[in-house]
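Structure assessment
Chain by chain, the residues run as shown.
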Amino acid sequence: MKKTLIQGALYCILLFLILFGLRMLYGYIKHPNNQTTTSGQIENWQQIPESRNYASKKMVYKNANSGSTSTVDQKYEKIGAITSKTTAFEEDEATLRAVIQSDNILVQYEQLSGLKYNRSLNVALGVIPEKFDAVIEKIQSIGTLG
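Let me sum up the structure you'll find in this document. In this text, all values refer to a predicted model and were calculated from it rather than measured experimentally.

1. Focus on helix α2 (residues 89–102)
Taking 1.5 Å of rise per residue, 14 residues should cover 20 Å, and α2 covers 20 Å from first to last C-alpha, within 8% of that figure. If you check which residues of α2 are buried, you get F89, D92, E93, L96, V99 and I100. Within α2, the buried residues cover an arc of 120° as seen down the axis, which keeps them to one side. Against β4 (106–115), β5 (118–126) and α3 (132–140) lie the buried residues of α2. Note on α2: the residue one or two positions beyond its end, N104, has a positive phi of about 50°.

2. Here's the deal with the nonpolar core
Grouped together as the largest cluster of nonpolar side chains are 12 residues: F89, L96, V99, I100, I105, L121, V127, F132, V135, I136, I139 and I142. Listing elements by their share of this core, those giving two or more residues are α2 and α3.

3. Looking at unusual backbone geometry
Phi angles above zero are rare outside glycine, and N104 is one such case at about 50°. Even without glycine at this site, Y117 takes up a positive phi of about 75°. With respect to the secondary-structure elements, Y117 resides in the loop between β4 and β5.

4. Overview of α3
The set of residues buried in α3 consists of F132, V135, I136 and I139. Looking down the long axis of α3, one finds its buried residues gathered within 100° of arc, a one-sided arrangement. For α3, exposure combined with an orientation more than 90 degrees from the buried face picks out D133 and E137. Where α3 is buried, its residues meet α2 and β5.

5. Here we look at the pattern of salt bridges
Under the defined criterion, the tally for this structure stands at 4 salt bridges. Between R97 and E110 there is a salt bridge whose closest N-O contact spans 2.5 Å. In this pair, R97 sits in helix α2 while E110 sits in strand β4, placing the two residues 13 residues apart along the sequence. Residue class for R97 comes out partly exposed when judged on its relative accessible area of 31%. Taking the relative accessible area as the measure of exposure, E110 reaches 39% and is therefore partly exposed. Residue D103 is joined to K138 by a salt bridge in which the shortest nitrogen-to-oxygen separation is 3.0 Å. Note that D103 is positioned in the loop between α2 and β4 and K138 in helix α3, a separation of 35 residues in sequence. Residues joined by salt bridges that share partners form a network here, namely E93, R97 and E110.

What counts and what doesn't
- Residues numbered from 1 in each chain as written.
- Predicted model: local features only at pLDDT ≥ 70, side-chain atom pairs only at ≥ 80, totals over all residues.
- Heavy atoms only, no water.
- Helix = DSSP H or I, 4+ residues; strand = E, 2+ residues; numbered from the N terminus.
- Expected span 1.5 Å × (residues − 1).
- Buried < 20%, exposed > 50% of the residue type's maximum accessible area, 1.4 Å probe, protein only.
- Arc of directions from axis to C-beta.
- Contact = heavy atoms within 4.5 Å.
- Core = buried A, V, L, I, M, F, W, Y, C linked by side-chain atoms within 4.5 Å.
- Salt bridge = Lys/Arg side-chain N within 4 Å of Asp/Glu carboxyl O.

Listed below in structure tokens is the structure:
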């Protein structure tokens, strides 16, 4: 009985080593240049769903000759990515939401995850092109850029 127990343990260890080796081989094939992905980080803003959600702005044009006005629904897209870290998550989140509200920014995507002391907030915002640079400066002042 002792001999079969030892053989069973050796088979389990051998099976583990084979499976571990296959998993390592898969990792080298899947990520050949040591490129790894981390989920839930702002660096992965490309993971935002691919439905092209353009922001829009109604523009009013006046015709100088006839004096008539026409309204055009202008579509636009500007992209910026910011990564910042903070030790005061709630306060900085409130500051971000105040910027969003004060500048009439469209929240296109939002993901809040994590527990206290390890939280992550990923947002995609639609900003009017004229305000884009000013909004980016305001958001960069929140937390510590990373």
